[in-house]
Amino acid sequence: MLHPERFFHNLLSFSDAAPDVPGWPRGPTGRGIKDYFSLDFPARAAGQAEQVRPCAENPFCLGVFTDNELGWGPSAIQVGSHVDAYMTLPAGAPGKLALQEFFESRYGGDIAAFNAAWDQQLASFDALQAMQGLGSDPLCEPAVRTADRRAFVASVAGRYYQVVHDALRAAAPEVLILSSRFISIATAPEVLAAAAPYVDVIAVNNYQFDASALSLFRQGGGRLFGYLFLDDAFADLQTVHDVTGRPVMITEYSFRTPTEGAPTLFPPFFPTFETQAERADAYERYMDELLARPFMIGAHWFQYYDQPATGRSDGENSRFGVVTVDDEPDPELTERMTEVNAAILSSRQATLGAGERIPAGTGHNTGTARAALPRVEGAHSGAPLRRPTVLEGWSIAPSRLPLQATQRGVLGERIFSVAAPQSSRTGFYVYILPGQNLAAAVSGGPLVLEAGQTDANGVAPIRLRDDALIGLRVATGDIACLKLAAAGSSGSIACEGGEGHGVRVTRAAGPFAPPSMVEPFLGTDSGPGAATLLVPLRWVQLPVGASFEDCLTTDQYGPEELAAFSTGEVTTVKGDTQLVLRGENFVRGPGGVNWRQEDGPGMFVLGLPTFDSRVPHGDLAAALQFADAALQCE
């Protein structure tokens, strides 16, 4: 007799066996950075491993997850990098000694080479112990330093996974190690490679995030550390398998519908379907993607119950469940799940092909679920383990191509990256201090722009391909969060000139004035390469102390308004205050307008009239300036 409800796994927390780096800030999910080189970590991990014995004694227990969503680099769940955190450890601390040993090995004991790479003047590597930092900004540093950071976090991950592996194998040699449930948006290939020798399965929490969230995740850690899954929820599954050689399991994914009684859903960045039937369709599409990949061995839906409209302990209030808060099943979803799961064996057989058969006795019929998975040599069989290697120079290319880029006369795609404020090209300006850039930092984007076919006058339509989210911190500490919607976006670029791209944005005086009035395409000729993009926009100003990640989670966004991003002259009027700021055209080059030259000329200005009680009379004519240029750090 089968008891499928009795097949289960254990979720442990081996990271709790390692001490935090003292004083290092915690990420939005409450995690700090751990010193896994602590001399106490192996013994404490062995104590944690004792929890696995019930699984070892139960034939219906599949295996254990060692942790959930650990931070392996700067991301939405971790602040900063392990190099910077470990540098703050006291002299002689195990993690700091490990960092010193890493640098010595990586530079072949050549302190001069290290000094040249990190702009230091150390007499020996021992001098690192007296330092509290390397004085390098990850967003602006040379590529050699970023490569060092990525290699070191792989070394840290290798230490964690080896210690955990050894503890589990000592306590329960036959229990499968299902890895630490990577969060997809912070998964680097180097860390996967470091984990591979010590796990039987790679587990990934892999939600389909909306485009605005992905645009923010791509920045910072996503860009610097080469995180996977930042363009597509499925394309990089093959990469995970190729890097590790392990089967892959999805351990969290879900789709939701609106929650009755909750006008705003938290977190805000998951796609929401209006009907249960649409949600069931999304579930089936997701499963079809997994079943088409023979290395995928399972998928866990999050979660069984809907979350309450008032929010659970962390504020989440979404209808993710298979059943309601009153324990009533959702018929559309449960029926679809029943159909899909009933067909999984035949679907998988079709994926494997006629030449390969699923062995008889696999899975439930064996009497032990563990036999259903392939044995992993090295990590599971007791054979000698090899140390993980770092994938030098690893990079992930975008999976999508410019729309219709090969058609004659079609300009195609422009990846408009937002330059750092330090370049003096991205900025925040107000009428009180004309010419004074008040921007301190920027995160989010890029704006993926698509331009169509030019007409007889050299004018081409443009639009925003994907939703985008941009956060800009000003000198006072506030953050302006901008959500740009691709749907409804439109505009044009005048390759030969002859079209006006001036903009006037006007809003009445006072804190409760109606929405701004936007007048685009003013004037007669803003020059070759002038462009204007009209975008549905929602924005919010977050107070001092907020982080860029708060742009993802806040429910304080204002109503949607039409905004004009222009390379021409933008006049912003709020009450009796006025500010004029000019952008920069996508200028002509030897082959015409440099539309597809990423990080080339081009600067948009967005007029943003607002009310701020900290300025006289409160009315504030302000504008944001966004340049498309490579990072320039001065």
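Residues numbered from 1 in each chain as written. Predicted model: local features only at pLDDT ≥ 70, side-chain atom pairs only at ≥ 80, totals over all residues. Heavy atoms only, no water.

Asker: Mind showing me how you'd approach the confidence of the model for the chain here?
Answerer: In low-pLDDT regions, the fine details of the predicted coordinates are not to be read closely. For the chain, per-residue confidence averages 84 on the pLDDT scale, and 85% of positions sit at 70 or higher. Per-residue pLDDT stays below 50 along residues 1-8; that stretch engages in 12 contacts with residues further than four places along the chain or on separate chains. Within the model, pLDDT remains below 50 along residues 357-408, and this stretch shows 103 contacts once partners closer than five positions in the same chain are excluded. (pLDDT = per-residue confidence, 0-100. Contact = heavy atoms within 4.5 Å.)

Asker: Would you take a moment to explain the sheet that holds strand β21 (residues 577-582) for this structure?
Answerer: Across a sheet, strands are paired by hydrogen bonds formed along the backbone, either parallel or antiparallel in direction. The mixed open sheet is built from four strands, whose spatial order is β17-β16-β20-β21. Every interior strand has two partners, whereas the edge strands, β17 (517-522) and β21, have only one. Between one strand axis and the next, the sheet turns through 10 degrees on average, direction left out of account. Where strand β20 (residues 569-574) and β21 come together, six bridges link them in antiparallel fashion. Note that in β21 the partner of Glu-569 across the bridge is Arg-582. (Pairing = 2+ DSSP bridges. Helix = DSSP H or I, 4+ residues; strand = E, 2+ residues; numbered from the N terminus. Axes fitted to C-alpha atoms, helices over the stretch in contact; angles between N-to-C directions.)

Asker: Sorry if this is basic, but what is going on with empty space enclosed by the protein here?
Answerer: Picture a little ball the size of a water molecule; that probe, rolled over the atoms, points out where space is still empty. All told, the structure shown has two cavities of 30 Å³ or more when counted by the stated rule. There is about 140 Å³ of room inside the largest cavity. Forming the boundary of the largest cavity are 14 residues, of which Ser-516, Glu-561, Gly-607, Leu-608 and Pro-609 lie nearest the centre. Those elements that place two or more of their residues in the lining of the largest cavity are β16 (502-507), β18 (530-542), β19 (561-566) and β24 (603-607). (1 Å grid on protein atoms, 1.4 Å probe; cavity = no way out; pocket = protein on both sides within 12 Å on 5 of 7 lines; lining within 4 Å. Points joined across faces, edges and corners; volume = space filled by probe spheres on them.)

Asker: Even after reading the chapter, I still don't get the state of the cysteines, so can you show me in this structure?
Answerer: When the sulfur atoms of two cysteines share a covalent bond, that bond is a disulfide. Taken as a whole and judged by the stated rule, the model has two disulfides. In this model Cys-55 forms its disulfide with Cys-61; the gap between the sulfur atoms is 2.1 Å. Of note, the bridge from Cys-55 to Cys-61 carries an S-S torsion of about -95 degrees and is left-handed in sense. Pair check on accessibility: Cys-55 and Cys-61 agree, each one buried. Across a sulfur-sulfur distance of 2.1 Å, Cys-481 and Cys-551 are joined as a disulfide pair. Here the S-S torsion is close to -70 degrees, and the disulfide linking Cys-481 with Cys-551 is therefore left-handed. With Cys-481 in strand β14 (residues 479-484) and Cys-551 in helix α13 (residues 550-553), this pair connects stretches of sequence that are 70 residues apart. Given a relative accessible area of 0%, Cys-481 falls into the buried group. Classification of Cys-551 as buried rests on a relative accessible area of 1%. (Disulfide = S-S within 2.5 Å. Buried < 20%, exposed > 50% of the residue type's maximum accessible area, 1.4 Å probe, protein only.)

Asker: Explain the side chain of Asp-200 here, please?
Answerer: With respect to the secondary-structure elements, Asp-200 resides in the loop between α7 (189-195) and β5 (202-205). Owing to a relative accessible area of 2%, Asp-200 belongs among the buried residues under this scheme. For Asp-200, the side chain forms a polar contact with the side chain of Arg-169, separated by 2.9 Å. (Polar contact = N/O pair within 3.5 Å; in protein donor to acceptor, adjacent residues only side chain to side chain.)

Asker: Would you mind showing me how to read helix α1 (residues 41-49) here?
Answerer: Given 3.6 residues per turn, any residue in an α-helix points the same way as the ones three and four places further on. All buried positions along α1 are accounted for by Phe-41, Ala-45, Gln-48 and Ala-49. In an axial view of α1, the angular spread of the buried residues amounts to 100 degrees, which keeps them on one side of the axis. Check the buried side of α1 and you find it contacts α2 (53-56) and α6 (143-171). (Arc of directions from axis to C-beta.)

Asker: I would appreciate a short explanation of the pattern of salt bridges in the present structure.
Answerer: Close approach of charged atoms allows side chains with opposite charge to pair. This structure, assessed with the given rule, holds 20 salt bridges. Between Glu-50 and Arg-53 there is a salt bridge, and its shortest N-O distance comes to 2.5 Å. Looking at Glu-50, the relative accessible area reads 40%, which means it is partly exposed. Taking the shortest distance from any N to any O, the salt bridge between Arg-293 and Glu-289 comes out at 3.0 Å. Of the residues examined, Glu-289 reaches a relative accessible area of 32% and is grouped as partly exposed. Put simply, Asp-20, Arg-26 and Lys-34 are held in one network by salt bridges that share partners. (Salt bridge = Lys/Arg side-chain N within 4 Å of Asp/Glu carboxyl O.)

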